[in-house]
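Per-entry structural report
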Amino acid sequence: MSDGTPTRAFFEQRVNFRAVGLLRLLVGLITLIHLWPFLQDAVPGRYFAERFFVPFFEWFPVLGVEGYRATLLVGMGGALALAAGVFSRAAAGLTLAVVSFNVLSNELHFGHNRAFLMTLLFGLTVLPSGVAFRVDAWRVRREGRAPDESAPRRPRGLVRGLACTPYLASGFSKLVDPDWWGGVVMADRIARYRHVAEGMGVPAGLIDPIASPAFNAVMWKAVVLTELFIGAGLWFRRTHVAAMVAAVGFHVLIEITSSVSVFSFLGLAGLLLWVTPRVRERGVRLDPRDPAGQRIARRLARLDWLHRFDVRPTEGAAFVVEDVAGFRWTGGAAGGQVWSRLPHSAPFVAPLRLVALLRRRSRGGPDSRRPRNGAVAGASAQTQARRMAGPKT
């Protein structure tokens, strides 16, 4: 029997947490957006405790309007500190406490978006989220030192599990509910709010088929299965790209069709937990004297926030991207590799990357790349050695 040493070594292995630093920054800003409407309402006459409200617990304290407003301001200060990376774990804990207090003060404040926000804030109290995109990093760089952005991988698995919970819980609860699974709930909701869509100028010819029971019976089965696929597919190497693409489409569709506050923004930001924790894993060769090469270098310097690429200026070189396994891409395929791994463009390029990945696997599996569309295959050390040795005689 194994004594567990390999497992412990795996979880104690240090990996790069730069993507988590970007997640921390985004969650801090999203929390500000979440708390702002409550602060706007924290005035006499609109303060929730001056109207109908029910706290989650009878013994839970109910603050006066001034105390409630001060609490929200403290939470927004914590969110600002979290976004800036100042005492990141303490800031995450403070922000979590304020957001949780606000939810527990009134059952009408509960929402899945706020539960998801609380989940990610808790995760940021566990993760070393202050390793990148923080104020202290500027000071360290000014002193001529490189900030350490690595940490043991152990807590990341816990937070990944928490981030998948909303998809799995929502999908499973709808799967076992015949009204959700059959599309009855959404068909009724569309009928109730049809007048809102018509008031926004949506033609009746578009609403009618969407409101039909037959459409909803099929559509919402697909939605439920998509939620379950996202929650499970993110964990596996062969499906995590497809799951990330599904998550992007899922949240964009929700944001277009529903009012879900910050839920979609949190879902998209949470995908950073699944970014490969390796930096400079792809080398980029380009000619620094070529105007096109100069433009690419400038864009990577500005937009490669997660440090996925190692730019290697080489006079006279063509534009080439090479990964750690030795596979190389040139021309348009090289550009696709770059844009598919930059945070701001990855959600738009990822579907095309998924299609290319599925095509490659259909032609013989993930390790059987062939020279096509600008890609040059087989540049592993063993392959290079065979090529240098020449054909067998």
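Notes on the structure follow.

1. So, the pairing of strand β3 (residues 282-286)
Burial within β3 is extensive, with four of its five residues counted as buried. Crossover β3 to strand β4 (residues 309-313) through helix α15 (residues 291-303) is right-handed. Across four bridges, β3 lies against strand β5 (residues 320-323) in antiparallel orientation. Its bridge partner lying in β5, R282 is registered against D323.

2. A word on the packing of helix α7 (residues 154-175) against helix α12 (residues 213-233)
At a minimum axis separation of 8 Å, α7 and α12 run at an interaxial angle of 145°. Regarding α7 and α12, the two cross each other, and that crossing is left-handed. Contact with α7, carried on its side by C164, Y167, L168, S170, G171, F172, K174 and L175, involves V224, E227, L228, I230, G231 and A232 of α12 and no other residues of that element. Class assignment for the residues of the contact of α7 with α12 results in nine nonpolar, three polar and two charged.

3. Observations concerning unusual backbone geometry
Even without being a glycine, F87 presents a positive backbone phi close to 45°. Position of F87 relative to the elements: it lies in the loop between α3 (65-84) and α4 (88-104). You will see that H307, though not glycine, has its phi angle at about 55°, which is positive. On the secondary structure map, H307 appears in the loop between α15 and β4.

4. Re the packing of aromatic side chains
Counted according to the given criterion, the structure contains 12 aromatic pairs. Residues F57 and W59 carry aromatic rings whose centres are separated by 5.2 Å and whose planes lie at 15° to one another, so their mutual orientation is stacked. F57 sits in the partly exposed class, given a relative accessible area of 36%. Consider the rings of F60 and F101, whose centres lie 5.2 Å apart with planes at 40°: the pair is tilted. With a gap of 41 residues between them, F60 in the loop between α2 (18-41) and α3 and F101 in helix α4 connect regions that are remote in the sequence. Taken as a pair, F60 and F101 share a single burial class, namely buried. Ring-pair connections join several aromatic residues into one group, and the members of that group are Y47, F48, F53 and Y68. Over the face of the ring belonging to F133 we find R18, whose NZ or CZ atom lies 4.5 Å from the ring centre. Against the face of W180 rests K174, its NZ or CZ located 4.6 Å from the ring centre.

5. A few points about the side chain of R18
For R18, the location among the structural elements is in helix α2. R18 sits in the buried class, given a relative accessible area of 7%. Side-chain polar atoms of R18 contact the side chain of H307, separated by 3.3 Å.

6. Brief notes about the side chain of T31
Tracing the chain through its elements places T31 in helix α2. Excluding anything up to four places from it in sequence, T31 contacts A79, T95, V99, L117 and L121.

7. Brief notes about the pairing of β5
The alternating pattern of β5 places V320 and E322 on one face and V321 and D323 on the opposite face, and all of these are buried. With three bridges connecting them, β5 and strand β6 (residues 328-330) associate as antiparallel partners. Following the sheet pairing, V321 is matched in β6 by W329. Two successive antiparallel strands, β5 and β6, enclose a turn made up of four residues, where G326 displays a positive phi of approximately 100°.

Calculation criteria
- Every chain's residues receive numbers from 1 upward, in the order its sequence appears when written.
- Under the rules for a predicted model, residues below a pLDDT of 70 receive no local features and side-chain atom pairs below 80 are neither given nor counted, while totals for whole chains, interfaces and linings still include all residues.
- The side-chain numbers reported here are obtained from all heavy atoms of the structure, hydrogens and water having been left aside.
- For every residue, the accessible area (1.4 Å probe, protein chains only) is compared with the maximum for its type, and the residue is labelled buried under 20%, exposed over 50%, or partly exposed between those bounds.
- Numbering of helices and strands runs from the N terminus; a helix is a DSSP stretch of H or I covering at least four residues, while a strand is a stretch of E covering at least two.
- With the strands aimed away from the viewer, a crossover counts as right-handed if its path from the first strand over the helix to the second runs clockwise.
- Two strands qualify as a pair provided that DSSP identifies no fewer than 2 bridges between them.
- Lines are fitted to the C-alpha atoms to define the axes, a helix being fitted only along its stretch in contact, and any angle between axes, read from their N-to-C directions, falls within 0 to 180 degrees.
- In a left-handed crossing the near helix is turned counterclockwise from the far helix by less than a right angle, and in a right-handed crossing that turn is clockwise.
- Between two residues, a contact is recorded if the distance between any of their heavy atoms is within 4.5 Å.
- In this classification, Asp, Glu, Lys and Arg are treated as charged, Ala, Val, Leu, Ile, Met, Phe, Trp, Tyr, Cys and Pro as nonpolar, and every other residue, Gly included, as polar.
- Classification of ring pairs rests on two measures: the distance between centres of Phe, Tyr or Trp rings, Trp counted by its six-membered ring, which must be within 6.5 Å, and the angle between planes, read as stacked under 30 degrees, edge-to-face over 60 and tilted in between.
- Both a distance and an angle decide whether a charge sits over a ring: NZ of Lys or CZ of Arg must be within 6 Å of the ring centre and within 35 degrees of the ring normal.
- Whenever two N or O atoms come within 3.5 Å, that pair is a polar contact, provided that in protein one can donate a hydrogen and the other can accept it, and provided that, for residues adjacent in sequence, both atoms are side-chain atoms.

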